[in-house]
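# Per-entry structural report
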Amino acid sequence: MEKHSAVLFDMDGVIFDSERALMGCWLALAAEDGLADMERVYHRCIGVTEEVTGGILCEAYGGDFPWRDFRRRSTALYRERYAGGRLPLKPGARELLLSLRAKRVPLALASSTKGELVRCWLSEAGLLDCFDAVVSGDMVTKSKPDPEIFLRACAALRVQPADAFVIEDSYNGVRAACAGGMRVLMVPDLLAPDEEMRAKAERIFPSLYEAGEYLREKMNIEE
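Residues numbered from 1 in each chain as written. Predicted model: local features only at pLDDT ≥ 70, side-chain atom pairs only at ≥ 80, totals over all residues. Heavy atoms only, no water.

## Considering the pairing of strand S3 (residues 133–136)
On S3, burial covers both faces: Ala-133 and Val-135 on one face and Val-134 and Ser-136 on the other are all buried. Pairing of strand S2 (residues 107–111) with S3, which is carried by 4 bridges, proceeds in the parallel orientation. Residue pairing across strands places Ser-111 opposite Ser-136, the latter belonging to S3. (Buried < 20%, exposed > 50% of the residue type's maximum accessible area, 1.4 Å probe, protein only. Helix = DSSP H or I, 4+ residues; strand = E, 2+ residues; numbered from the N terminus. Pairing = 2+ DSSP bridges.)

## What about the packing of aromatic side chains?
Under the criterion given, the structure shown has 8 aromatic pairs. Geometrically, the ring pair formed by Trp-26 and Phe-70 is edge-to-face, given 5.4 Å between the ring centres and 85 degrees between the ring planes. Here Phe-70 lies in helix H4 (residues 67–82) and Trp-26 lies in helix H1 (residues 18–33), a separation of 44 residues in the sequence. Taken as a pair, Trp-26 and Phe-70 share a single burial class, namely buried. A connected cluster of aromatic rings, assembled from ring pairs, spans Trp-26, Tyr-42, Tyr-61, Phe-65 and Phe-70. (Phe/Tyr/Trp six-rings, centres within 6.5 Å; stacked < 30°, edge-to-face > 60°.)

## Let's talk about the environment of Leu-87
Mapped onto the secondary structure, Leu-87 falls in the loop between H4 and helix H5 (93–102). Residue Leu-87 is classed as buried on the basis of its relative accessible area, which comes to 7%. Considering only alpha carbons, one finds Leu-87 and Ser-18, 69 residues apart in sequence, at a separation of 7.0 Å. When residues no more than four places from it in sequence are discounted, the contact partners of Leu-87 are Phe-16, Ser-18, Ala-21, Tyr-78, Tyr-82 and Trp-121. (Contact = heavy atoms within 4.5 Å.)

## Details of the packing of H1 against H4
As a packed pair, H1 and H4 sit with axes 9 Å apart at the nearest point and diverge in direction by 125 degrees. The angle between the axes of H1 and H4 places the two elements in the oblique class. Judged by the twist between their axes, the crossing of H1 over H4 is right-handed. On H4, the residues that touch Ser-18, Ala-21, Leu-22, Gly-24, Cys-25, Trp-26, Ala-28, Leu-29, Ala-30, Glu-32 and Asp-33 of H1 are Phe-70, Arg-71, Arg-73, Ser-74, Leu-77, Tyr-78, Arg-81 and Tyr-82. (Axes fitted to C-alpha atoms, helices over the stretch in contact; angles between N-to-C directions. Parallel < 35°, antiparallel > 145°, perpendicular 65-115°, else oblique. Left-handed = near helix turned anticlockwise from the far one by under 90°.)

## Quick word on the layout of surface pockets
The gaps left among the atoms become clear once a water-sized probe is rolled over them. Within this model, the largest pocket holds a volume of roughly 550 Å³. Those elements giving two or more residues to the lining of the largest pocket turn out to be H1, helix H3 (50–61), H4 and helix H6 (115–124). No other element matches H4, which puts 6 residues into the lining of the largest pocket. Partitioned by chemical class, the residues of the lining of the largest pocket number 10 nonpolar, 9 polar and 9 charged. (1 Å grid on protein atoms, 1.4 Å probe; cavity = no way out; pocket = protein on both sides within 12 Å on 5 of 7 lines; lining within 4 Å. Points joined across faces, edges and corners; volume = space filled by probe spheres on them. Nonpolar A, V, L, I, M, F, W, Y, C, P; charged D, E, K, R; others polar.)

## As for H3
Counted at 1.5 Å a residue, the expected span for H3 with its 12 residues is 16 Å, and the 16 Å between its end C-alpha atoms agrees. Among the residues making up H3, those that are buried are Thr-53, Gly-54, Ile-56, Leu-57, Cys-58 and Tyr-61. Buried-residue contacts for H3 involve H1, helix H2 (38–44) and H4. Within two residues after H3, Gly-62 carries a phi angle of roughly 110 degrees, on the positive side. (Expected span 1.5 Å × (residues − 1).)

## Thoughts on the nonpolar core
Ranked by size, the top nonpolar core spans 57 residues in total, and within it Val-7, Phe-9, Ile-15, Phe-131 and Ile-167 carry the most contacts. With 7 residues, the top contributor of residues to this core is H1. Among all residues touching Phe-9, those that are not within four sequence positions of it are Val-14, Ile-15, Leu-96, Leu-97, Leu-100, Leu-107, Ala-108, Leu-109, Ala-110, Phe-131 and Ile-167. Counting residues in hydrophobic clusters, the runner-up holds 24 residues, among them Ala-108, Cys-154, Val-159 and Met-197. (Core = buried A, V, L, I, M, F, W, Y, C linked by side-chain atoms within 4.5 Å.)

## A word on the pairing of strand S4 (residues 164–168)
Burial analysis of S4 places 5 of its 5 residues in the buried class, the great majority of the element. Burial of S4 is two-sided: the residues Ala-164, Val-166 and Glu-168 facing one way and the residues Phe-165 and Ile-167 facing the other way are all buried. As defined by bridge partners, S4 adjoins strand S5 (residues 183–186) across 4 bridges and the pair is classed as parallel. Note that in S5 the partner of Ile-167 across the bridge is Leu-185. Between the parallel pair S4 and S5, the chain is carried across by helix H8 (residues 171–179), and the sense of this crossover is right-handed. (Right-handed = clockwise from strand over helix to strand, strands pointing away.)

Quick look at the structure:
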């Protein structure tokens, strides 16, 4: 294994198939409230903090849009549908995390989601103990594409950014990891990679299965 190698994971859209699940909740509420073009607005909110999400919603639907209430309602609907371990995992997520954990690879979770929710979803899926460090959106002052969250995760693991792989699905996540000097592996979710993503990511994979094979090869991890 490379000295001080580590892997940092985003959560939504990488470990959990939550971007698609949450979008369904947003679209359901948008239909109730008569809000047009919600899918496009939702895509702009992928990979950013709650405060940035609020700004995007107000930009789309007016400065007085009650975005906190909308987020509260969407969270309530989300939990109604998926709490209790029902949130689907992305293909290969559990296998990859458990295999890296078994080989004692330092792992961190770096998610723009609030820490309470991060720990809740990971605990319900039985995956929280896989991580040596968890850095959430309420622990940083700048959201992705700023690299702060990934730099804090590296610091928590005591590894240099250049020695860390980051697995991301969102444009802003890829931008953040690239800006932080990490090795970025993109596994796209709702948004297909564009030319910018192909330039910034070290590799792009169709699923975590292929990303895991690449990690094991580069980190000299035996099965």
